[in-house]
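The residues making up each chain are set out below.
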Number of protein chains: 6
Amino acid sequence: MRILIINPNSDLDMTRTIEAAGRAFAAGRFEVDCLATPGAPRFIETYEDQALTAPGMIGLIRENHGAFDAFVIACHCDPNLDLMKEISRKPVVGIGEASMKLATMLGHRFSVISTAAHSVPNKEALIEKYHLRDDLASVRSPGEAEADAELEDKFYRMAKAAVDEDGAEVIVLGCAGLAGLDKRLQAKLGVPVLDGVVCALIIAAGLAQYGVSTSKARRYKPD
Amino acid sequence: MRILIINPNSDLDMTRTIEAAGRAFAAGRFEVDCLATPGAPRFIETYEDQALTAPGMIGLIRENHGAFDAFVIACHCDPNLDLMKEISRKPVVGIGEASMKLATMLGHRFSVISTAAHSVPNKEALIEKYHLRDDLASVRSPGEAEADAELEDKFYRMAKAAVDEDGAEVIVLGCAGLAGLDKRLQAKLGVPVLDGVVCALIIAAGLAQYGVSTSKARRYKPD
Amino acid sequence: MRILIINPNSDLDMTRTIEAAGRAFAAGRFEVDCLATPGAPRFIETYEDQALTAPGMIGLIRENHGAFDAFVIACHCDPNLDLMKEISRKPVVGIGEASMKLATMLGHRFSVISTAAHSVPNKEALIEKYHLRDDLASVRSPGEAEADAELEDKFYRMAKAAVDEDGAEVIVLGCAGLAGLDKRLQAKLGVPVLDGVVCALIIAAGLAQYGVSTSKARRYKPD
Amino acid sequence: MRILIINPNSDLDMTRTIEAAGRAFAAGRFEVDCLATPGAPRFIETYEDQALTAPGMIGLIRENHGAFDAFVIACHCDPNLDLMKEISRKPVVGIGEASMKLATMLGHRFSVISTAAHSVPNKEALIEKYHLRDDLASVRSPGEAEADAELEDKFYRMAKAAVDEDGAEVIVLGCAGLAGLDKRLQAKLGVPVLDGVVCALIIAAGLAQYGVSTSKARRYKPD
Amino acid sequence: MRILIINPNSDLDMTRTIEAAGRAFAAGRFEVDCLATPGAPRFIETYEDQALTAPGMIGLIRENHGAFDAFVIACHCDPNLDLMKEISRKPVVGIGEASMKLATMLGHRFSVISTAAHSVPNKEALIEKYHLRDDLASVRSPGEAEADAELEDKFYRMAKAAVDEDGAEVIVLGCAGLAGLDKRLQAKLGVPVLDGVVCALIIAAGLAQYGVSTSKARRYKPD
Amino acid sequence: MRILIINPNSDLDMTRTIEAAGRAFAAGRFEVDCLATPGAPRFIETYEDQALTAPGMIGLIRENHGAFDAFVIACHCDPNLDLMKEISRKPVVGIGEASMKLATMLGHRFSVISTAAHSVPNKEALIEKYHLRDDLASVRSPGEAEADAELEDKFYRMAKAAVDEDGAEVIVLGCAGLAGLDKRLQAKLGVPVLDGVVCALIIAAGLAQYGVSTSKARRYKPD
């Protein structure tokens, strides 16, 4: 079985990090490749970034459709996920959707820890789209005072506050490309910490194994 | 005051119909132009259609930003509306959002009457995004048996059923380019029937007059 | 076109302020009159105040029904709005409903800034009635420590806190009769600030122009 | 202990029926009086009816405040209930609120059986106000074909349909003044059938006995 | 009329306290007995505790079914309440459900004051089950710093904070066996404070008097 | 890796069927055992059945805790799932929760196809507990007229009606022990059909591989 991880941005370092993390989790049980999206922005932050990466993502999924058994979209805002589900006959899993839905099976409420204030309302809109508002403790992003703090410290402090002040019982990392941070934070916090890429691989590999894919009944019918 | 209506598809007939309807409503109180989107599909039905029309819509709004006071997106699925709000400093109004939110001020529950079965779940997803689920009576689309019926008959029968069986008190037309149908159906049904283009012009002109536009606090901040 | 603004209280100064603000916005595009409600309390704060002003409001709308094209109810708790919609065949718009629903089109979440602690739960109940709870950041009112502060300072501090602490992207002024405060606060805060009277005039004028009014299907049928 | 049932309409026959039913339930454990509202309409159907009965209801509760230990509002649309709670320091219970909230303790979902199509959306709005939408199976009213049917037959057929087709497990009678119908329908249907007056007496007597009443913290503070 | 209060734990002191409080409220209007559950844990805190007490509770209700007219489950997490409703043909009332639903009739929002941090998410899950999330101000439990504080002081401070900071207008005591605390806190706080045992007795006695019990239509059908 | 499937009932045939299906899916990638619950009822239908099987399930999970890496609870009503999550330090996955949450990733709305009318409200209560109400098309069970129909025919007709009439895009089988029915129905219906045991194995194996388990922060803390 082969799974293609689509990195919706064009950052090659992040692409390699994601691929390595995916392969480490797969551990030979299935093959994992990760591709950056041609013509995509360097980061996906705005709605415009999401639109600009769509043509490249469409191309990637169409060109690789025969060679892979399932697809993972590796940006935590799940850009163009409805579209990817629509044009593929194979399982397509977003790391945002997979990590947040798995989180609901592991504790009472989850918090998402994100990198920029900008992303709080956008993440909240995504959470509502997935009908997860009642499972959410909070979405946190670093304040301005935190701008220069070291990434892992920042994430630790936000996650700790989510657990202590917001009632979070599970932490979801709100970005791809943070390989290893999940385990280090989990060890310090004592609650489950989820990396979206791993979560999406669990679901994508499982669905491919099982032989089910997106329903073509109506919403994701390609024409 | 000048308002630009962006028709997200590339159908020139529909573009002219929308422009005429918009000008008829404006009646000289403000100027209305309507432009088709370059490079867009002929119809906007799928998530892929919505992605393919994004670059053209971005171009239209950027090129015309200085010359107009507000923008209307004239497709009832509000394609790329978040993006348009993000990149513009002037009011941007979707005909889906405007017509359904105005409908909530005119009666207990509204129904959307749509053209294709395909669009029912997509419209439901849009309605949830706008937090309008509790205001909704139903989304109706013609069954297969209706495929060859005359458009106005079909819409009348669906709207009648929505009022009689689903408890709808207001009818929202789920497509652009149906100029005049609102008034003819309203006369027959005896309940308000809303055309999205007119509704969006009411809001867009009002916001421009008032001097308020999309908040740039976080969600629609362009960078 | 002529619009009658009904001030549900009996305060003549506030009535004149509202009329002036309404006319300033209309700017000759339509006529605006504002009338105080005969027999009404000086302020509308309690449920009893709302009941006591009903007979006068019924009288005002009945006596002036032929002479005006639409009606605005100018108290932010929308007193007797269902009743006004029920007995009129012309558009009736509450400033609470209009301002809060327009706010949802301008940003991710809105906050209402109110004058008295008393009004917080009553406003929350109103917000739930309009199914706007998911669009709400917060309802804020001045604490006791603020009792003697200057009105504009108080409103600024509450609005600033709503933006910085509650995630509000749009501010709604929770009272009528604050003409001009919207623009001064908007300039300081950098986010849209909405005055209910202007918002209601946008909707009321638009609906009258369009020729649609409250559905008489069931809920607002007068008998 | 004495409980005053306020009949918000002016129908003396219904007033006597309600009083007799209330006394039959009280069975000497507490005293029950029922008064018609002076100056009220004959029936309470519209929002205007609700407003017109407010002054009389205010008068009744103020004049009788010292002589009674609790008050019941005996119209299933709970007219002016917020106001009655606000102006009284003693328990005030609406028959709509009491019967529908008790219904949620007796089965999975309840249906309300009402007398007129007019009342369906109004009842739905009331149900949302009480946050009972997720407990509701349906609100049913007789169709036009049923206009001339005998009342008990009509109610039986609607209740039977609610149980068989809508999944109702408990039936709530949507009107006051139907003394005895609850027990006759319950015997035929085999599910609990609730009369609002009895339900409200249970709660009102219990609260009075317990010594708790409406909170005056904020929402129901009289000034 | 005789009501059996089932104490789901095996603590005999608490059983006697509950019985005394129940009899004090009943004041001879009906008989009250309270029994501890044989084989139950000393306290009911965890999901395992709830399961371990089920066989004893089943036994108690079956052995005493003929001798009593209604049953109260006297633990605020309502352990095995669905099961008790299922196997009994007489009214069964949980003190959590009764107290929180009565609270919604007495003020805008209620807070539950609980004994252990452990119980906050469990209580939230219960509140969601009863569809009371929109009526809730907060669930509060003592922080670690409070571990050694005197019980009444702790409850007072939590309740005060709920009223002042969370907008609670009614306080619900989140444990059984606190007889008298309701009245002492109510006197200090000036808002209604509800003890679950009393609330459940009000409902249970009322339902028994009325002759209605759990619907056997589907959800609570015993086979 | 070894996964233990706990069959909460005591039916040995069903236990063997489930084990075979589990092993077929695992296909050697991980080991699967299935055990019937000692002392459990033959079928789990009522709340009492769920309580009676708890001691046996507790015993099974405690005795086998060291020997397995994850646990699956193989009854679609997820009996005692909160308790199993509480007492285990390893992943515990219910087939109801897993199948319905995976269904939300595969289409707009899902329907659950169940065996008995009895189970409709109980399933609805479970769906609300998981916050999946907005993802649900319907829960269907065979009517009385269907009592004697062949199982596969019955399930096909219910699933077809769910797709055609209720808007379901994904079908979830509401029972364990139906190995093979998923693939046969999927072939006929053309939409994804999910068997709970397979879905739970996907999640359980994935979580065990990933090294995450139920949060012990609060709700599932064992003491």
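Cut-offs used in this document
- In this numbering scheme, every chain counts its residues from 1 along its sequence in written order.
- Lettering of chains starts at A and numbering of ligands starts at 1, both following the order in which they are written.
- Under the rules for a predicted model, residues below a pLDDT of 70 receive no local features and side-chain atom pairs below 80 are neither given nor counted, while totals for whole chains, interfaces and linings still include all residues.
- Put simply, DSSP H or I for four residues or longer makes a helix, DSSP E for two residues or longer makes a strand, and each gets a number counted from the N terminus.
- This radius of gyration counts C-alpha atoms alone. The globule rule is 2.2 Å times how many residues there are, raised to the power 0.38.
- Here exposure depends only on C-beta density: within 10 Å of a residue's C-beta, 20 or more other C-beta atoms make it buried, 12 or fewer make it exposed, and intermediate numbers make it partly exposed, the C-beta atoms being placed from the backbone.
- Note on contacts: each residue gets a C-beta atom placed from the backbone, and two residues are in contact if those atoms are within 7 Å.
- Least-squares superposition aligns the copies on the C-alpha atoms of those residues with pLDDT at or above 70 in both.
- Pairing between strands requires that DSSP locate at least two bridges from one strand to the other.
- The axes used here are C-alpha line fits, helices contributing only the stretch in contact, and every angle between their N-to-C directions lies in the interval 0 to 180 degrees.
- Here the nonpolar group is Ala, Val, Leu, Ile, Met, Phe, Trp, Tyr, Cys and Pro; Asp, Glu, Lys and Arg are the charged ones; every other residue, Gly included, is treated as polar.
- Where each domain begins and ends is defined by an automated method or by a domain database.
- Relative orientations are named as follows: roughly parallel for angles under 35 degrees, roughly antiparallel for angles over 145 degrees, roughly perpendicular for angles from 65 to 115 degrees, and oblique for any other angle.
- When the strands point away from the viewer and the connection leading from the first strand across the helix to the second strand turns clockwise, the crossover is called right-handed.

Draft legend 1. Region of interest: the overall build of chain A. Helices and strands together make up the secondary structure of chain A, namely 8 helices and 8 strands. Here chain A has a C-alpha radius of gyration of 17 Å; the compact-globule value for 223 residues is 17 Å, and the two agree. Dimensions of chain A, computed from C-alpha atoms along their principal axes, come out at roughly 45 × 35 × 35 Å. Per-residue burial over chain A gives 62% buried out of 223 residues. Taking the contacts inside chain A whose residues are at least 6 apart along the sequence as the reference set, 68% of them involve residues at least 24 apart.

Draft legend 2. Representation of the relation of the copies chain C and chain D. Mapping chain C onto chain D calls for a rotation angle of 180° and an axial translation of 0.0 Å; the resulting RMSD is 0.0 Å. Such a turn and shift between the copies fits a two-fold axis. When the interface residues of chain C are mapped onto chain D, 100% of them again fall at the interface, so both copies present the same face.

Draft legend 3. Here's a closer look at the relation of the copies chain F and chain A. The two copies are related by a screw motion: chain F maps onto chain A through a turn of 180° and a shift of 0.0 Å along the axis, at an RMSD of 0.0 Å. When the interface residues of chain F are mapped onto chain A, 100% of them again lie at the interface, so the same face is used by both copies.

Draft legend 4. Representation of the sheet that holds strand 4 (residues 92–94) of chain E in the model. Residues and elements named next belong to chain E. Across the sheet, 4 strands lie side by side as 2-1-3-4; this open sheet has parallel pairing. This sheet does not close on itself; its edge strands, each paired only once, are strand 2 (31–36) and strand 4. The sheet shows a mean angle of 20° between the axes of neighbouring strands, direction not considered. Strand direction decides the pairing type here: strand 1 (residues 2–7) and strand 2, joined by 6 bridges, are parallel. Residue pairing in the sheet places Arg-2 in a bridge with Glu-31 of strand 2.

Draft legend 5. Examining the interface of chain C and chain D more closely. Listed by partner, the interface residues are 22 residues for chain C and 22 residues for chain D. The set of elements that each furnish at least two residues to the side of chain C that touches chain D consists of helix 2 (47–63), helix 3 (81–87) and helix 5 (119–129) of chain C. Per element, the largest residue contribution to the side of chain C that touches chain D is 5 residues, and it comes from helix 2 of chain C. Of the residues assigned to the side of chain C that touches chain D, the class counts are 10 nonpolar, 4 polar and 8 charged.

Draft legend 6. Geometry of the arrangement of the chains. Over all C-alpha pairs, chain A and chain D never come within contact, reaching a minimum spacing of 15 Å. You won't find any contact between chain B and chain E; their C-alpha atoms come no closer than 15 Å.

Draft legend 7. Up close: the domain arrangement of chain A. All names here are of chain A. Domain assignment breaks chain A into domain 1 (2–94 + 198–210) and domain 2 (97–196). Computed over C-alpha atoms only, the centres of domain 1 and domain 2 are separated by 21 Å. Taken residue by residue, the interface counts 18 residues in domain 1 and 16 residues in domain 2. Listing elements by their share of the side of domain 1 that touches domain 2, those giving two or more residues are helix 1 (12–26), strand 4 (92–94) and helix 8 (196–210). It is helix 1 that provides the largest number of residues to the side of domain 1 that touches domain 2, a total of 5 residues. Here the residues of the side of domain 1 that touches domain 2 are counted per class, giving 13 nonpolar, 3 polar and 2 charged.

Draft legend 8. View of the packing of helix 4 (residues 95–103) of chain B against helix 8 (residues 196–210) of chain B. All names here are of chain B. For the pair helix 4 and helix 8, interaxial distance at closest approach is 8 Å and the crossing angle is 85°. Our classification of the angle between helix 4 and helix 8 gives roughly perpendicular. Residues Ile-95, Gly-96, Ala-98, Ser-99 and Leu-102 of helix 4 pack against Gly-196, Val-197, Cys-199, Ala-200 and Ile-203 of helix 8. When its residues are assigned to classes, the contact of helix 4 with helix 8 shows 7 nonpolar, 3 polar and no charged.

Draft legend 9. Examining the pairing of strand 2 (residues 31–36) of chain A more closely. Because side chains alternate across strand 2 of chain A, one face comprises the buried residues A:Val32, A:Cys34 and A:Ala36, and the other comprises A:Glu31, A:Asp33 and A:Leu35, none of which is buried. Handedness of the strand 1 (residues 2–7) of chain A-helix 1 of chain A-strand 2 of chain A crossover: right-handed.

Draft legend 10. Main features of the sheet that holds strand 4 (residues 92–94) of chain C. Residue and element names in this part refer to chain C. Read from one edge to the other, the open sheet built from 4 strands follows the order 2-1-3-4, with strand pairing classed as parallel. Because the sheet does not close on itself, it has two edges, and the strands there are strand 2 (31–36) and strand 4. Direction aside, the axes of adjacent strands within the sheet are offset by 20° on average. Its contacts with the sheet place helix 1 (residues 12–26) against strand 1 (2–7) and strand 2, and it is angled at close to 170° to strand 2.

Draft legend 11. Structural view of unusual backbone geometry. Positive phi outside glycine occurs at E:Asp78, with the angle close to 50°. Within the secondary structure layout, E:Asp78 lies in the loop between strand 3 (70–73) and helix 3 (81–87).

Draft legend 12. Structural context of the interface of chain F and chain A. Of the residues lining the interface, 31 residues belong to chain F; the matching set on chain A comes to 31 residues. Mapped by element, the contributors of at least two residues to the side of chain F that touches chain A are helix 4 (95–103) and helix 8 (196–210) of chain F. The biggest single contributor to the side of chain F that touches chain A is helix 8 of chain F, with 5 residues. In the side of chain F that touches chain A, the residues fall into 16 nonpolar, 7 polar and 8 charged.

Draft legend 13. Highlighting helix 5 (residues 119–129) of chain D. Residue and element names in this part refer to chain D. Turning to helix 5, its buried residues number three or more, namely Ser-119, Val-120, Pro-121, Asn-122, Lys-123, Glu-124 and Leu-126. Along its buried surface, helix 5 packs onto helix 4 (95–103), strand 5 (110–113) and strand 6 (136–140). His-131, located one to two residues past helix 5, shows a positive phi value of around 60°.

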